[in-house]
Amino acid sequence: MALMTLFIITAVIALVAGLGLLFARNAVYAALFLVLNMLALAVLFLTLGAPFLAMVQITVYAGAVMVLFLFVVMLLGAETLKEEGGPIAWQRPLALLLGLVLTVLLAAVIFIEATGLGNILPPPEDYAAPSRLAMLLFQRYLLPFEIASVLLLVAMIAALVMVGSKKKTSSSSR
Amino acid sequence: MDWTLWLEWTIKAALLLFILLTGFAYTTLLERKVVAWMQTRIGPNRAGPWGLLQPLADGIKLIFKEEFIPAHADKVLFILAPVVTMVPALIIMAVVPWGREVVLFGRRVTLYLADVNVGILYIMAIASISVYGVVLAGWASNNKYSLLGGLRASAQMISYELALGLAFLPPIMLAGSLSLRDIVEAQRSMWYVVYQPLAAFIFLITSVAEVNRAPFDIPEAEQELTAGYHTEYSGMKFALFFMAEYTKMIAVSAIFASLYLGGYLGPFESQFPWLGPLYLAAKIFLGLFFMIWLRATFPRFRYDQLMALGWKNLFPLALLNVVVTAGVLALVG
């Protein structure tokens, strides 16, 4: 019962924060709503018995990624939305279509749940313990894990190369 | 769930908050006294014996000061920022154990608030969101000095968090657990500062940078940035920033003590569990004294020096230390 109350409160916060992110006119507020949304998600992970994921959610997304977002927004002074460009022409129809697909999927899941077809067993006690996750990550899924890390490294080097070449041209033109 | 358990948790949480806030008040006095002695001055000595009522007088003064909000500030965030700074500083101590357990009124009471199996990750998560208050304060003030201070603070905290996170790893590897209680208990035979002097050293440096204390206090370098992110703040809102800084000092000292100095362990602690909190308090005092000593000794780093130290020296060293520790552990078993 207490868990259900907590879930409802957190879910409402997450939804309101998500809507706030969409409708905020100021980029700083939008970023902060996203942070609030991520914190609410972390609490949801906690109620699902996955404390490790909850903490990673806060550290990586709320802590590292969003601080950098905020940093860039403040550094560029790009807080307010410029009206002149407007949304891209094909953006709205596509968004509508994808939203519809998502709604149908969610409705299907809820329908299966309600008819009792998807009787999902509760996960075992230490299902999301750090050691269990480590086993999965470093033994069973070692290859995808390493590929992902190489991919991230390549992206980082690419970013550095792009900045580096820009610097060189600007110094040679002087 | 048992209602007495809820009561116990509530009382312990309230007690922890009370201790932290009182500790904050007297850390300010300690800092003024110690710095004064190091500079052959006397320090505050008018309010009460040895100036012991000075924090109270400061508090009353700050409450009665005018709360000023600049005309073009973002009012919501301007008011929210000090709160966002203060909350992480208070809740980060929840996973630090103060002792094992004692019998109180015929009831076994554990001397820690929460023993979660991801305790260290909790600390890192809270530390990573503690930068928001400072950044928001800088942006909401609508003042170039504040904004620069806020940006510097976020850059500094992100940079030093990496080395700090790597300095968390060796105790985790040695103890084989993410719970602070297990890590403290694993140090019964020997403190980890003996096995891991380099990691302890890196932890000390990066944690000072993480709480923005001298010599890493460039977010509020007064010669260049007036007062940095809290230039526009006055009264209790300013006091909250002050409070957060000193509460974080206490928290960092407590975490350092638990990771490397054996936490609540000490002689005769196994017979008299009440000694645990006293030992931890003594170790926290050592940490606080060290930070004050640093402030009285070193000049402030320049911004590029700070970044070079963090990224080019501390980060590779911490990484190397982790690799060597892992290798030795794998060889020894």
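Residues numbered from 1 in each chain as written. Chains lettered and ligands numbered in written order. Predicted model: local features only at pLDDT ≥ 70, side-chain atom pairs only at ≥ 80, totals over all residues.

Visitor: Teacher, can you tell me more about the overall build of chain B here?
Guide: Counting its secondary structure elements, chain B contains 13 helices and two strands. At 20 Å, chain B has a C-alpha radius of gyration in line with the 20 Å of a compact globule built from 333 residues. Seen through its principal axes, chain B has C-alpha atoms that stretch 60 × 50 × 50 Å. The buried share of chain B, reckoned over its 333 residues, is 46%. Excluding contacts between residues fewer than 6 apart, the proportion of contacts in chain B whose partners are at least 24 apart in sequence is 77%. (Helix = DSSP H or I, 4+ residues; strand = E, 2+ residues; numbered from the N terminus. Rg over C-alpha atoms; globule rule 2.2 N^0.38 Å. Buried ≥ 20, exposed ≤ 12 C-beta atoms within 10 Å, placed from the backbone. Contact = placed C-beta atoms within 7 Å.)

Visitor: It is not clear to me how the nonpolar core should be interpreted in this structure. Could you clarify?
Guide: One recurring pattern in soluble globular proteins is that nonpolar side chains are buried together. Residue and element names in this part refer to chain B. Counting 113 residues, the largest nonpolar core has Ile123, Ala163, Ala167, Phe203, Ile250 and Ala254 as the members making the most contacts within it. Here this core gets 15 residues from one element, more than from any other, and that element is helix H11 (residues 235–260). With residues near it in sequence (within four places) discarded, Ile123 still touches Ile92, Val95 and Ile255. (Core = buried A, V, L, I, M, F, W, Y, C linked by C-beta atoms within 7 Å.)

Visitor: Quick question: what am I supposed to make of helix H13 (residues 303–332) of chain B here?
Guide: Since one α-helical turn is 3.6 residues long, residues separated by three or four positions face the same way. Residues and elements named next belong to chain B. For H13, built from 30 residues, the straight-helix expectation of 44 Å at 1.5 Å per residue is met to within 8% by its first-to-last C-alpha distance of 42 Å. The largest bend in H13 comes to about 35°, at Leu314, with the proline Pro316 one to four residues further on. Within H13, burial applies to Leu306, Gly310, Leu314, Phe315, Ala318 and Asn321. On its buried face, H13 is in contact with helix H6 (144–175) and helix H9 (197–210). (Expected span 1.5 Å × (residues − 1). Bend = angle between axes of the 7 residues up to and from the residue.)

Visitor: Looking at this structure, I do not really get the interface of chain B and chain A. What am I missing?
Guide: Interface extent is often summarised as the accessible area lost during association of the parts. At the junction of the two partners, chain B supplies 17 residues and chain A supplies 16 residues. Looking at the side of chain B that touches chain A element by element, the count peaks at six residues for helix H4 (residues 119–129) of chain B. Across the side of chain B that touches chain A, the residue classes tally to 14 nonpolar, three polar and no charged. (Nonpolar A, V, L, I, M, F, W, Y, C, P; charged D, E, K, R; others polar.)

Visitor: Where do I start with the environment of B:Leu180 in this structure?
Guide: Residue and element names in this part refer to chain B. Tracing the sequence through the fold places Leu180 in helix H7 (residues 180–185). On the neighbour-count criterion, Leu180 (26 C-beta atoms within 10 Å) is buried. Each C-alpha atom of the pair Leu180 and Tyr145 lies 39 Å from the other, and the pair is 35 residues apart in sequence. Leave out the neighbours within four places in its chain, and Leu180 touches Val95, Val96, Pro97, Gly119, Ile120 and Ser258.

Visitor: Is there a simple way to think about the packing of helix H3 (residues 51–76) of chain A against H6(B) in this case?
Guide: Relative placement of two packed helices is described by the angle separating their axes and the distance separating the axes. Viewed as axis vectors pointing N to C, H3(A) and H6(B) meet at an angle of 150°, and their least axial separation amounts to 11 Å. The pairing of H3(A) with H6(B) is recorded here as roughly antiparallel in orientation. As H3(A) packs across H6(B), the resulting crossing turns out to be left-handed. Each of A:Ala64, A:Val67, A:Phe71, A:Met74 and A:Leu75 in H3(A) lies in contact with H6(B), whose residues at this interface are B:Leu147, B:Leu151, B:Ser154 and B:Ile158. (Axes fitted to C-alpha atoms, helices over the stretch in contact; angles between N-to-C directions. Parallel < 35°, antiparallel > 145°, perpendicular 65-115°, else oblique. Left-handed = near helix turned anticlockwise from the far one by under 90°.)

Visitor: Looking at this structure, I do not really get unusual backbone geometry. What am I missing?
Guide: Most peptide bonds take the trans configuration, and most residues that are not glycine carry a negative phi. All names here are of chain B. The backbone of Thr40 shows a phi angle near 45°, a positive value even though the residue is not glycine. With respect to the element layout, Thr40 can be found in the loop between helix H1 (3–38) and helix H2 (54–64). With 6 C-beta atoms packed within 10 Å, Thr40 lands in the exposed category.

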